[in-house]
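# What the coordinates show
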Amino acid sequence: MFPKLVFVTGGNTGIGFETVKALIKSTKDDYHIFVGGRTLAKASAAMDQLKDLLAPSSTTAEAIQVDVTDDESIQKAVEYVEHRFGWLDILINNAGALFDTTFSGDASNFRAVFNKAYDVNVTGAQVLTGLFAPLLIRSPRARLLFLSSSNASLSGAFEGCASGGTKEPQDGWPKDGLITHQGYRCSKAAVNMCMLTWYQVLRDDGVKTFAVNPGLSATHLGGSTPRKMKRLGAVDAARAGDLVRSVVEGERDEHVGRVVTWDGAQEW
């Protein structure tokens with residue numbers, strides 16, 4: 001059977017890169033992976049790191065430029081895949097960014113923080129999916145994935161508020177030092193709604209749609225470092241990549257239309 005065609009945004013780093021590695025190492029299926037990077041140089045650099053892994057594998061990969069905040073870039077990527085193959089089997093909306101600092105630091109700049117977060121995490125994924133949708137429905141084995149977050153759970157956030165959480169309470173104004181990551185959290189909650197909308201739109205075409213929450217992972221998100229993230233309790237990003245792979249390969253199909261976690265499906 002022809003290898004499954006997979007397109008990964010932000011495939012050059014973090015969870016996206018680990019997802020690419022997990023798919024290359026898979027013994028279940030063969031893939032041709034489009035490793036998307038915001039610049040071609042970033043995607044090509046990732047390909048250099050994958051050479052030894054790809055050499056013995058029947059899976060293949062190639063670098064492709066895609067900036068999810070640039071509609072022309074998205075359109076060119078979609079046209080490339082369409083002209084090369086005519087369809088797409090799996091789209092993984094992985095590209096994401098965090099622009100929050102602290103509540104007090106962001107309060108005078110909320111519009112910029114929120115707009116940038118939504119542009120990358122929500123609008124970028126929405127536009128990309130809309131343009132790739134005609135190629136997905138041409139595949140008899142199509143899957144659509146969105147990377148979510150445990151911070152996007154409304155019920156989880158409410159429980160944290162009700163229990164008082166772990167933060168010291170602050171009366172009055174300003175709220176100095178509070179770290180809430182509001183822009184990121186709100187954008188990822190919106191990603192969950194986007195996923196549900198696409199689940200409804202593409203369900204009758206046979207496209208299996210999911211969101212995936214791998215938990216706190218050691219990446220460079222928000223300008224951090226994997227080492228610093230691990231000190232905060234984050235797990236190796238390779239584990240996150242393996243969770244995404246399991247969804248791609250049908251191991252979590254009982255949770256289609258849900259936010260998939262290691263333990264089941266995340267509460268809304």
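As annotated in an unreviewed UniProt entry, the chain carries the name Short chain dehydrogenase, putative and comes from Metarhizium acridum. What the UniProt record of the chain gives under Sequence similarities (unreviewed entry) is the line "Belongs to the short-chain dehydrogenases/reductases (SDR) family."

## Description of helix 5 (residues 110-136)
The end-to-end C-alpha separation of helix 5 is 36 Å, in line with the 39 Å expected for 27 residues at 1.5 Å each. Along helix 5, the sharpest change in direction is near 45° and occurs at Asp119.

## Observations concerning the sheet that holds strand 5 (residues 143-147)
Taken in spatial order, the seven strands line up as 3-2-1-4-5-6-9 in an open sheet, and their pairing is parallel. The strands lining the two open edges of the sheet, one partner per strand, are strand 3 (60-65) and strand 9 (259-260). Across five bridges, strand 1 (residues 4-8) lies against strand 2 (residues 31-37) in parallel orientation. Bridge assignment links Phe7 to a residue of strand 2, and that residue is Phe34. Running over the sheet, helix 1 (residues 14-25) touches strand 1, strand 2, strand 4 (90-93) and strand 5 and is turned about 165° from strand 2.

## Details of the packing of helix 1 against helix 9 (residues 237-248)
It is at 7 Å that the axes of helix 1 and helix 9 come closest, and there the two elements cross at 60°. Comparing the axis directions of helix 1 and helix 9 gives the class oblique. Between helix 1 and helix 9 the crossing geometry is right-handed. For the pair helix 1 and helix 9, the contacting residues are Gly14, Ile15, Glu18, Thr19, Ala22 and Leu23 in the first and Ala237, Ala238, Ala240, Gly241, Asp242, Val244, Arg245 and Val248 in the second. Each residue belonging to the contact of helix 1 with helix 9 can be placed in one class, and the counts come to eight nonpolar, three polar and three charged.

## Quick look at helix 7 (residues 182-202)
Counted at 1.5 Å a residue, the expected span for helix 7 with its 21 residues is 30 Å, and the 30 Å between its end C-alpha atoms agrees. Three or more residues of helix 7 are buried, namely Gly183, Tyr184, Ser187, Lys188, Ala190, Val191, Asn192, Cys194, Met195, Trp198 and Leu202.

## So, the packing of aromatic side chains
Geometrically, a pair of aromatic rings is defined through the distance of the ring centres and the angle of the planes. The full count for this structure, using the stated rule, is eleven aromatic pairs. Members of the aromatic cluster, connected to one another through ring pairs, are Phe2, Phe7, Phe34, Tyr80, Phe85, Trp87 and Phe132. Here the basic side chain of Arg203 rests over the ring of Tyr199, its NZ or CZ set 5.0 Å away from the ring centre. Residue placement shows Arg239 over the ring face of Trp262; its charged tip is 4.4 Å from the ring centre.

## A closer look at the pattern of salt bridges
The final tally for this structure, using the stated rule, is eleven salt bridges. Of the charged contacts in the structure, one is a salt bridge between Glu249 and Arg245, with a shortest N-O distance of 2.6 Å. Taken individually, Glu249 and Arg245 each receive the classification buried, so the pair is uniform in this respect. For Arg245, the salt bridge identified is with Glu251, shortest N-O distance 3.1 Å. Owing to a relative accessible area of 12%, Arg245 belongs among the buried residues under this scheme. Residue Glu251 is classed as partly exposed on the basis of its relative accessible area, which comes to 42%. Shared partners join several salt bridges into a network, and the residues in it are Asp242, Arg245, Glu249 and Glu251.

## Details of the pairing of strand 2
Of all seven residues in strand 2, seven are buried; the element is thus mostly enclosed. For the segment spanning strand 1, helix 1 and strand 2, crossover handedness is right-handed. Relative to strand 3, strand 2 runs parallel, the two being bridged by six bridges. Paired with Ile33 across the two strands is Ala61, which belongs to strand 3. In this fold, the crossover linking strand 2 to strand 3 by way of helix 2 (residues 40-54) has right-handed handedness.

Cut-off values and rules
- Residues numbered from 1 in each chain as written.
- Predicted model: local features only at pLDDT ≥ 70, side-chain atom pairs only at ≥ 80, totals over all residues.
- Heavy atoms only, no water.
- UniProt positions renumbered as here; feature names shortened; annotations may be inferred.
- Helix = DSSP H or I, 4+ residues; strand = E, 2+ residues; numbered from the N terminus.
- Expected span 1.5 Å × (residues − 1).
- Bend = angle between axes of the 7 residues up to and from the residue.
- Pairing = 2+ DSSP bridges.
- Contact = heavy atoms within 4.5 Å.
- Axes fitted to C-alpha atoms, helices over the stretch in contact; angles between N-to-C directions.
- Parallel < 35°, antiparallel > 145°, perpendicular 65-115°, else oblique.
- Left-handed = near helix turned anticlockwise from the far one by under 90°.
- Nonpolar A, V, L, I, M, F, W, Y, C, P; charged D, E, K, R; others polar.
- Buried < 20%, exposed > 50% of the residue type's maximum accessible area, 1.4 Å probe, protein only.
- Phe/Tyr/Trp six-rings, centres within 6.5 Å; stacked < 30°, edge-to-face > 60°.
- Lys NZ or Arg CZ within 6 Å of the ring centre and 35° of its normal.
- Salt bridge = Lys/Arg side-chain N within 4 Å of Asp/Glu carboxyl O.
- Right-handed = clockwise from strand over helix to strand, strands pointing away.

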